[in-house]
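If you want the building blocks of each chain, they are given just below.
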Amino acid sequence: LVACGVGAADPAGCVIKMITIVLDGTEQVSSSRVNKITVTESRGLALGWTLTAQLSGELQNTNGTVKGPNAEIIAANLRLLNQSCNVVDGPGSAAVPGSPGTLDAPVTLCSAANGTNAGTFTADADLELTVPASVLAGQYEGVINFIVT
């Protein structure tokens, strides 16, 4: 699995920036797109695979002096949707997109069944973050783990 492009992963290219919002005392939604993820299946076996995503913990306010429940956004508020999968190289191969879900648990981006799993694939999806009305001002960060099984 190589995230954020083809070849060696570039951590600088792996940053996902959500659309900036201005707090106004109401619940709001910010959105972005997952940077394209490349999966290369080269085991030479007819074993299917699944690419999932899950937020590691909560989104935390980056201001180290701000603490408490209003200084974090729970993982269930970050949603993955509109997943897409494409075969880049692999005649006879196919991958199917997963269903939308919240990143407090693993959500499938893409999967390939036994026998149609060989080759190189790209996966992408939209991200949607519900920002509670009670959240404190600032920038929030978190880590999304992408895992192939």
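All values reported here derive from a predicted model rather than from experimental measurement.

**Student:** Just checking my understanding: could you explain the state of the cysteines for this structure?
**Tutor:** In protein structure, a disulfide is the covalent linkage between the sulfur atoms of two cysteines. Scanning the model with the defined rule gives 1 disulfide in all. Each sulfur of the disulfide joining C85 and C110 lies 2.0 Å from the other. On the criterion of sequence distance, the pair formed by C85 in strand β6 (residues 78–89) and C110 in strand β9 (residues 107–112) is long-range, its members being 25 residues apart. Across the pair, exposure class does not vary: C85 and C110 are buried alike.

**Student:** Hey, could you run me through the pattern of salt bridges in this one?
**Tutor:** Pairs may arise between side chains of opposite charge once their charged atoms sit close together. In total, this model carries 3 salt bridges according to the counting rule given. Measuring nitrogen to oxygen at the nearest pair gives 2.5 Å for the salt bridge that ties R33 to D126. Placement of the pair is R33 in strand β1 (residues 28–33) and D126 in strand β10 (residues 119–131), with a sequence separation of 93 residues. The class for R33 is partly exposed, based on a relative accessible area of 34%. You can call D126 partly exposed: its relative accessible area is 22%. A salt bridge links R43 to E41; the shortest N-O distance between them is 2.5 Å.

**Student:** Looking at this structure, I do not really get unusual backbone geometry. What am I missing?
**Tutor:** Among all residues except glycine, the phi angle is most often negative; among peptide bonds, the trans geometry is most common. Phi is positive for N82, which is not a glycine, with a value near 55 degrees. Here N82 is to be found in strand β6.

**Student:** Mind showing me how you'd approach the sheet that holds strand β12 (residues 144–148) here?
**Tutor:** To summarise the sheet geometry, strands pair through backbone hydrogen bonds and adopt either a parallel or an antiparallel arrangement. Pairing is antiparallel in the open sheet, where 4 strands are placed in the order β7-β9-β3-β12. The open sheet has two edge strands, β7 (96–97) and β12, and neither has a second partner. Across 2 bridges, the pairing between β7 and β9 is antiparallel. Looking across to β9, one finds that P97 is bridged to C110.

**Student:** What is the right way to look at the environment of L55 in this model?
**Tutor:** Position of L55 among the secondary structure elements: in strand β3 (residues 49–55). As a C-alpha pair, L55 and A125 span 70 residues in sequence and 14 Å in three-dimensional space.

What counts and what doesn't
- Residues numbered from 1 in each chain as written.
- Predicted model: local features only at pLDDT ≥ 70, side-chain atom pairs only at ≥ 80, totals over all residues.
- Heavy atoms only, no water.
- Disulfide = S-S within 2.5 Å.
- Helix = DSSP H or I, 4+ residues; strand = E, 2+ residues; numbered from the N terminus.
- Buried < 20%, exposed > 50% of the residue type's maximum accessible area, 1.4 Å probe, protein only.
- Salt bridge = Lys/Arg side-chain N within 4 Å of Asp/Glu carboxyl O.
- Pairing = 2+ DSSP bridges.

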